[in-house]
Structure formats: C-alpha cells, structure tokens
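# Topology and contacts: notes
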Amino acid sequence: MDWSQWSRDAVTAADAKNDAWRKLFGLQSAKYQWDLESGRIIFESSTGVVEANLCAVGFAFPEQNSFQWAWADRTLPAKVVSPLASVRAFGEANDLSLLTSPEIPGGIAQGKECVAIAARILDSEGIFIDSSEGTTFFFVLSGFRRQVGSSVA
C-alpha cells in the first residue's frame, strides 16, 4: 500500500463527504451543539434541525503541537470512542504508529489527517472539527437525520 497516497485520498474523500452533507441538509452556516454523553451533534439552520451520531477521534493542543487520540483518554464515554478500535486495529495490521500511538506531534494539521483517516476506515458520512479554549476537537459523523420540533439550546 502507498500510505501517503492512501492518506491523501482519505482527506479528499472527507472533504467531498462534508460538502455533500452540508449541501444536502443546508448546513453551510448552521449553529451546532455537540454532546459527548449522548454521542450526537445537532445542527440548526434556516432549513431545520439535523442530528448526527458522533465519534470522538481526538484532540489537538496547538501550544504543545500535539494530537491525542480519543481512545487514549479514559474519561470519555465508551460510546463515542469505541468505533476507534477499528482504526487502531487497522494501524496495528499495517504497522502504522500514527494510528497506534496515543499522542503524536503535529497539532491541528496532524489531527486533520487523522480524522480523515478515521473517517475513511469507519466509512463515516463526514467529519467535524471544533475549537474551544485552546483545544481543537476532531469528530467523525454518521447517521444524519432531520429532527422535527427541536432546536439548538
């Protein structure tokens, strides 16, 4: 396997999938709220409310220029990290320390690559990246569905 090409293809595929779900549901500038306990993200736009399942992939800490896989954080709910077992197994089967080391250098740029790789391995419908208080969060999304009668708080 040409790992570099495979990784670039993962990023290209993630970008295309993100464009697709944003366009399909009209979520280009939507408000959102994600919740690790429920394992979901809710988007609200002028076209309505859309919910998706989320899997926490990892976190980037720009000040430390590092990326940490979510599976290495034992404080996270199992439901939002358990899908990563497949990503880690893929890394082990292909001797890819990028996917098996709990923390790796590279910060946000590395996180973007890792979330795209996870999305490809998990065959997710897209990715989502959010930043707060010096931490960047990386998620893969699946199971998009429209909601009736609810909104982002």
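This report concerns the structure included in the present document.

Cut-off values and rules
Residues numbered from 1 in each chain as written. Predicted model: local features only at pLDDT ≥ 70, side-chain atom pairs only at ≥ 80, totals over all residues. Heavy atoms only, no water. Helix = DSSP H or I, 4+ residues; strand = E, 2+ residues; numbered from the N terminus. Buried < 20%, exposed > 50% of the residue type's maximum accessible area, 1.4 Å probe, protein only. Contact = heavy atoms within 4.5 Å. Axes fitted to C-alpha atoms, helices over the stretch in contact; angles between N-to-C directions. Parallel < 35°, antiparallel > 145°, perpendicular 65-115°, else oblique. Nonpolar A, V, L, I, M, F, W, Y, C, P; charged D, E, K, R; others polar. Pairing = 2+ DSSP bridges.

For L84, the position within the fold is in helix α3 (residues 84-93). The exposure class of L84 is buried, given its relative accessible area of 1%. Along the chain, L84 and I127 lie 43 residues apart, while their C-alpha atoms are 14 Å from each other. Setting aside anything within four residues of it in sequence, one finds L84 in contact with C55, A56, V57, W69, A70 and W71.

Right, let's get into the packing of helix α1 (residues 3-25) against helix α5 (residues 107-122). For any two helices packed against each other, one specifies the crossing angle of their axes together with the interaxial distance. For the pair α1 and α5, interaxial distance at closest approach is 8 Å and the crossing angle is 85°. Compared by their axis directions, α1 and α5 come out roughly perpendicular. Between α1 and α5, the contacting residues are W3, W6, S7, D9, A10, V11 and A14 on the first element and E113, A116, I117, R120 and I121 on the second. Split into classes, the residues belonging to the contact of α1 with α5 amount to 8 nonpolar, 1 polar and 3 charged.

Turning next to the pairing of strand β6 (residues 126-132). Direction of pairing for β6 relative to strand β7 (residues 135-147): antiparallel, over a ladder of 7 bridges. Within β7, the residue paired with G126 across the bridge is L141. Counted along the chain from β6 to the antiparallel partner β7, the turn is 2 residues long, and its residue E133 has a positive phi close to 50°.

Another point: the environment of I42. Along the chain, the position of I42 falls in strand β2 (residues 40-45). Remark: the alpha-carbon pair of I42 and N53, spanning 11 residues in sequence, is separated by 9.0 Å.

Okay, the pairing of strand β4 (residues 66-69) next. Alternating residues of β4 divide into S66 and Q68 and F67 and W69, and every residue in both groups is buried. Pairing between strand β3 (residues 48-61) and β4: 4 bridges, direction antiparallel. Following the sheet pairing, F59 is matched in β4 by Q68. Here β3 folds back onto β4 in antiparallel fashion, the turn holding 4 residues, of which N65 has a positive phi close to 50°.

Phi is positive for D123, which is not a glycine, with a value near 50°. Looking at the element boundaries, D123 is found in the loop between α5 and β6. Classification of D123 by relative accessible area gives exposed; the value is 60%. Phi at E133 is positive, roughly 50°, even though this residue is not glycine. Tracing the backbone shows E133 in the loop between β6 and β7.

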